[in-house]
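The lines below spell out each chain.
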Amino acid sequence: MELPTSFSTRSHNCGELRSSNIGSDVTLAGWVQKRRDHGGLIFIDLRDRAGITQIVVDPKTPEPFSLAEKIRSEYVLEIRGKVSSRPDGTINTNLGTGEIEVIVDQITVLNSSKTPPFEIENELLIDENLRLKYRYLDLRRENQVDNLIVRHEVAIATRDFLNSQGFIEVETPMLTKSTPEGARDFLVPSRLIPGHFFALPQSPQLFKQILMVAGIERYYQLVRCFRDEDLRADRQPEYTQIDLEMSFATQEDIIELVEHMVEAIFTKIGKKVEVPFPRLTHREAIDTYGIDKPDLRFDMKIIDLSGKFSQTKFKVFADTISGEGMIKGIKFSPEKPLTRKELDELTEHAQGLGAKGLVWMVVESGSKVKSPIAKFLEADEIRNIIKAMEAVVGDTIFIVADKRETACNVLGGLRLELGRIFDLFKEGFNFLWVTDFPLFKWNDEEERLDSEHHPFTMPKADQLKLLEETPLDVFADAYDLVLNGTELASGTIRIHERNLQEKILKMLSLSDEEMNGKFGFLLDALEYGAPPHGGLAIGLDRLVTLIQGLQSIRDVIAFPKTQSASCLMTGAPDRVQKSQLRDLRIKTTEPDIEVKDERV
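Quick summary incoming for the structure in this document. (Residues numbered from 1 in each chain as written. Predicted model: local features only at pLDDT ≥ 70, side-chain atom pairs only at ≥ 80, totals over all residues. Heavy atoms only, no water.)

Observations regarding the overall build of the protein chain
Thought 1: Regarding its fold elements, the protein chain presents 15 helices and 22 strands.
Thought 2: Its C-alpha atoms give the protein chain principal-axis dimensions of roughly 95 × 70 × 55 Å.
Thought 3: Split into buried and exposed, the 600 residues of the protein chain put 46% on the buried side.
Thought 4: For the protein chain, contacts bridging at least 24 residues in sequence account for 65% of all contacts bridging at least 6.
Thought 5: Accessible surface for the protein chain amounts to roughly 31000 Å². Of this, 49% is attributable to carbon and sulfur atoms.
Thought 6: The distance from the centre of the 76 positive side-chain charges to the centre of the 97 negative ones in the protein chain is 3 Å. (Helix = DSSP H or I, 4+ residues; strand = E, 2+ residues; numbered from the N terminus. Buried < 20%, exposed > 50% of the residue type's maximum accessible area, 1.4 Å probe, protein only. Contact = heavy atoms within 4.5 Å. Areas by Shrake-Rupley, 256 points an atom, 1.4 Å probe, with all protein chains shown as cover. Lys, Arg positive; Asp, Glu negative; His and termini not counted. Charge placed at Lys NZ, Arg CZ, Asp CG, Glu CD.)

Here is the structure:
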């Protein structure tokens with residue numbers, strides 16, 4: 001990768017010299033990757049962001065050689081010398097600069113370095129806490145730099161594409177009103193209005209809708225968002241969204257635009273995806289894969305077997321059907337037969353997912369299986385199962401009999417566990433749209449309706465009449481983009497009329513006072529000619545993580561937090577001075593602790 005040179009007389013970067021430069025006088029600057037003293041010549045691998053060049057220091061040049069004897073890893077050097085071809089048998093085909101070396105005339109030490117707590121090497125397994133404490137060293141590793149470069153290129157491609165489609169990048173406020181609808185807000189106390197608090201935004205949702213009312217029509221933003229929630233490998237308290245909103249747009253318009261944007265992003269980074277992406281409705285995804293973000297990198301579909309047991313004498317299956325439950329199964333084709341221990345472990349896993357039990361069958365012929373329940377089933381029932389599952393000799397069938405939601409959830413989880421254990425995931429990028437989500441879900445604990453996405457989601461126009469009597473049967477104009485089993489983006493068509501928005505909020509158990517207190521400004525805006533509009537937000541961190549084939553989004557964020565939401569490098573969050581709390585008129589409930597500069 002060619003980089004602009006900017007320091008003093010630096011003529012080239014450490015990754016760009018080739019055999020065509022042999023004989024040239026050059027000036028390089030960078031960090032010492034390695035220093036090797038062969039008892040005569042001293043070799044230095046000089047590294048900058050662009051790559052590595054081998055530097056050779058000869059004892060015939062006493063001053064540079066004397067200095068080179070004292071140099072250690074991660075010293076910062078400027079060197080001057082002449083490009084030479086490497087001797088026969090010493091070419092390094094793993095380096096772009098592997099055919100050449102630079103014979104040194106002069107070395108300048110720009111800065112020394114303490115011995116790093118770990119080597120600056122890609123393949124080393126380093127404790128993550130140590131990496132994050134010394135993140136400035138961790139980021140010197142080539143793979144970490146590559147992650148940030150790919151992130152940068154994704155951002156460029158996003159902006160270029162959306163700019164070409166008539167979108168305008170608009171910044172929305174970081175200090176906003178707290179309207180908690182799920183995750184906790186990060187709160188910021190106001191000094192000028194004591195007792196009042198700003199919130200850091202969980203998303204720009206309300207502001208981008210206001211921009212549509214304002215007539216911006218096509219908005220986007222690469223925006224920082226915040227959620228005060230427990231963390232996982234794919235979560236951070238602060239994260240970045242590719243956020244967009246369109247007026248006068250249908251679900252189809254937004255899906256088509258996003259597909260072409262993703263195609264442009266992948267083209268920018270030298271990868272290819274096929275559009276349009278496949279689609280499943282929410283119900284199809286649950287019934288077929290047991291989850292609303294299915295991983296399509298391997299094929300193992302859930303099959304409904306309920307109809308095969310309408311007259312069964314096997315009590316467990318009969319009771320399930322009479323209790324309006326379902327009997328569902330998946331088929332696994334192992335390379336070698338599963339052991340009894342493996343079957344028992346999979347049964348325990350299924351029970352951990354909520355199953356009362358797990359039935360397994362190993363197909364021995366077209367009408368015979370090995371199974372703990374084989375003796376309870378008729379021969380026709382066994383044949384029907386094998387046929388329905390399209391199973392052959394050696395296949396293992398797993399069956400769950402329970403309520404639809406439980407059966408799908410268990411088999412969906414079992415499917416992913418089989419994929420993990422037996423490495424069934426194929427390489428590649430498998431995108432999928434999941435559409436037609438329910439508008440509401442039932443909150444058993446609080447005995448009320450909750451939004452499946454958020455309360456500003458438009459119900460399907462032909463189902464508005466169902467809102468009064470059977471709200472759980474209403475579907476939404478909502479669509480999620482899934483990549484390799486991860487929810488990458490979520491979007492909806494928004495409600496653009498005040499009366500309908502108020503109705504939905506009341507169905508979510510908000511009083512008039514709560515509605516106006518939290519969303520009054522939006523409700524007022526909807527009365528001033530709000531156009532039909534919709535949008536979507538893609539998790540930028542997640543997208544780059546998946547592109548790079550990484551396990552954690554922390555590797556694609558320059559300065560991430562730990563799973564306890566702390567920054568090991570800076571020590572944030574930290575206690576603050578008493579005077580700062582006094583200015584904010586805040587008292588803490590923790591006892592005072594005697595520490596320097598009045599920190600509490």
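This is not the end of the story, as more comes after the structure.
Some thoughts on a nonpolar patch on the surface
Thought 1: Residues Met174, Leu175 and Phe198 make up a contiguous nonpolar surface patch of about 240 Å² in total accessible area.
Thought 2: Position of Leu175 relative to the elements: it lies in the loop between β6 (168-169) and β7 (186-189).
Thought 3: Given the relative accessible area of 45%, Leu175 is considered partly exposed. (Patch = residues over 30% accessible without salt bridge, like charges linked within 9 Å, V, L, I, M, F, W, Y side chains within 5 Å. Salt bridge = Lys/Arg side-chain N within 4 Å of Asp/Glu carboxyl O.)

Points about the sheet that holds strand β15 (residues 368-370)
Thought 1: Taken together, the five strands give an open sheet; going across it, the order is β12-β13-β16-β14-β15, and neighbouring strands pair in antiparallel fashion. Of all strands in the sheet, those bounded by a partner on one side alone are β12 (303-304) and β15.
Thought 2: Across two bridges, the pairing between β12 and strand β13 (residues 326-332) is antiparallel. Residue Asp304 lies in a different strand from β13, and its bridge partner there is Lys328. (Pairing = 2+ DSSP bridges.)

Quick word on the sheet that holds strand β5 (residues 100-111)
Thought 1: Taking strand neighbours around the barrel as the criterion, the five strands line up as β1-β2-β3-β5-β4 in a closed arrangement whose pairing is mixed. Pairwise comparison of adjacent strand axes, ignoring direction, gives a mean angle of 55 degrees for this sheet.
Thought 2: Where strand β3 (residues 51-57) lies against β5, two bridges are found, and the strand directions are parallel. Of the residues in β5, the one forming a bridge with Ile55 is Val102. (Axes fitted to C-alpha atoms, helices over the stretch in contact; angles between N-to-C directions.)

Some points on the packing of helix α4 (residues 142-164) against helix α14 (residues 540-547)
Thought 1: For the pair α4 and α14, the least separation of the axes is 10 Å and the interaxial angle reads 125 degrees. Taken as axis vectors, α4 and α14 run oblique relative to one another. Along this stretch, α4 crosses α14, giving a crossing that reads as right-handed. Here α4 contributes Asn147, Val150, Arg151 and Val154 to the contact with α14, which in turn contributes Leu540, Asp541, Leu543, Val544 and Ile547.
Thought 2: The residue makeup of the contact of α4 with α14, split by class, is six nonpolar, one polar and two charged. (Parallel < 35°, antiparallel > 145°, perpendicular 65-115°, else oblique. Left-handed = near helix turned anticlockwise from the far one by under 90°. Nonpolar A, V, L, I, M, F, W, Y, C, P; charged D, E, K, R; others polar.)

Details of the pattern of salt bridges
Thought 1: Within this structure, the stated rule accounts for 41 salt bridges.
Thought 2: Across the pair Lys82 and Asp25 runs a salt bridge, and its minimum N-O distance is 3.0 Å. Of this pair, Lys82 sits in strand β4 (residues 76-85) while Asp25 sits in strand β1 (residues 25-37); the two residues are 57 residues apart in sequence, bridging distant segments of the chain.
Thought 3: The exposure class of Lys82 is partly exposed, given its relative accessible area of 38%.
Thought 4: The exposed category is assigned to Asp25, whose relative accessible area is 58%.
Thought 5: Here Asp138 ties to Arg141 by a salt bridge, and the two come within 3.0 Å at their closest N and O atoms.

Regarding the environment of Lys375
Thought 1: The topology assignment puts Lys375 in the loop between β15 and α10 (379-388).
Thought 2: Exposure remark for Lys375: the relative accessible area of 70% places this residue in the exposed category.

Some thoughts on helix α5 (residues 205-213)
Thought 1: Most of α5 is tucked away: seven of the nine residues are buried.
Thought 2: Residues Gln205, Leu206, Lys208, Gln209, Leu211, Met212 and Val213 constitute the buried set of α5.
Thought 3: Each element contacted by the buried residues of α5 is listed here: β9 (218-226), β10 (238-247), α13 (512-525) and β22 (533-539).

What about the pairing of strand β20 (residues 478-483)?
Thought 1: Here β20 lies mainly inside the structure; six of its six residues are buried.
Thought 2: Alternating positions in β20 separate into two faces, Ala478, Asp480 and Val482 on one and Tyr479, Leu481 and Leu483 on the other, with burial throughout.
Thought 3: Alignment of strand β17 (residues 431-435) against β20, held across five bridges, turns out to be antiparallel. Within β20, the position partnered with Phe431 by the bridge is Leu483.
Thought 4: Two successive antiparallel strands, β20 and strand β21 (residues 486-493), enclose a turn made up of two residues, where Asn484 displays a positive phi of approximately 50 degrees.

Considerations on unusual backbone geometry
Thought 1: In this chain, Val275 is followed by Pro276 through a cis amide linkage whose omega measures 0 degrees.
Thought 2: On the secondary structure map, Pro276 appears in the loop between α6 (251-268) and β11 (279-281).
Thought 3: A cis amide bond links Ala572 to the next residue, Pro573, at an omega of -5 degrees.
Thought 4: Assignment of secondary structure puts Pro573 in the loop between α14 and α15 (578-584).
Thought 5: Of note, Asn484 is a non-glycine position whose phi angle comes to about 50 degrees, a positive value.

Points about the nonpolar core
Thought 1: Within the largest apolar cluster, 74 residues are counted, with the highest numbers of intra-cluster contacts made by Val154, Val258, Phe431, Leu481, Ile504, Ile538 and Leu543.
Thought 2: No other element matches α6, which puts eight residues into this core.
Thought 3: Apart from residues lying up to four places away in sequence, Ile504 is in contact with Leu439, Phe440, Pro455, Pro459, Leu467 and Ile495.
Thought 4: Within the second largest apolar cluster, 21 residues are counted, among which are Leu28, Val32, Ile44 and Phe65. (Core = buried A, V, L, I, M, F, W, Y, C linked by side-chain atoms within 4.5 Å.)

Comments concerning helix α12 (residues 498-507)
Thought 1: All buried positions along α12 are accounted for by Arg498, Leu500, Gln501, Ile504, Leu505 and Met507.
Thought 2: At its buried positions, α12 is contacted by β18 (440-443), β19 (448-451) and α13.
Thought 3: After α12 finishes, the residue Ser509 shows a positive phi value of roughly 70 degrees.

Some details on the pairing of β21
Thought 1: β21 sits mainly inside the fold: six of its eight residues count as buried.
Thought 2: As paired elements, β20 and β21 share six bridges and run antiparallel to each other. Within β21, the residue paired with Ala478 across the bridge is Thr492.
Thought 3: Note that β21 and β22 share five bridges and pair antiparallel. Paired with Ile493 across the bridge in β22 is Gly534.

Looking at the side chain of Asn147
Thought 1: Inspection of the secondary structure puts Asn147 in helix α4.
Thought 2: Those residues within four positions of Asn147 in sequence are excluded, and the remaining contacts are Val544, Gln548, Leu550, Asp555 and Val556.

Some words on the packing of helix α9 (residues 340-352) against helix α11 (residues 404-421)
Thought 1: The interhelical angle for the contact between α9 and α11, taken along N-to-C directions, is 140 degrees, at an axis separation of 9 Å. Between α9 and α11, the angle falls in the class oblique. Considering the relative orientation of α9 and α11, their crossing is right-handed. Taken together, the residues of α11 that come into contact with α9 (itself represented by Leu346, His349 and Ala350) are Val410, Gly413, Leu414, Glu417, Leu418 and Ile421.
Thought 2: Its residues assigned to classes, the contact of α9 with α11 shows six nonpolar, two polar and one charged.

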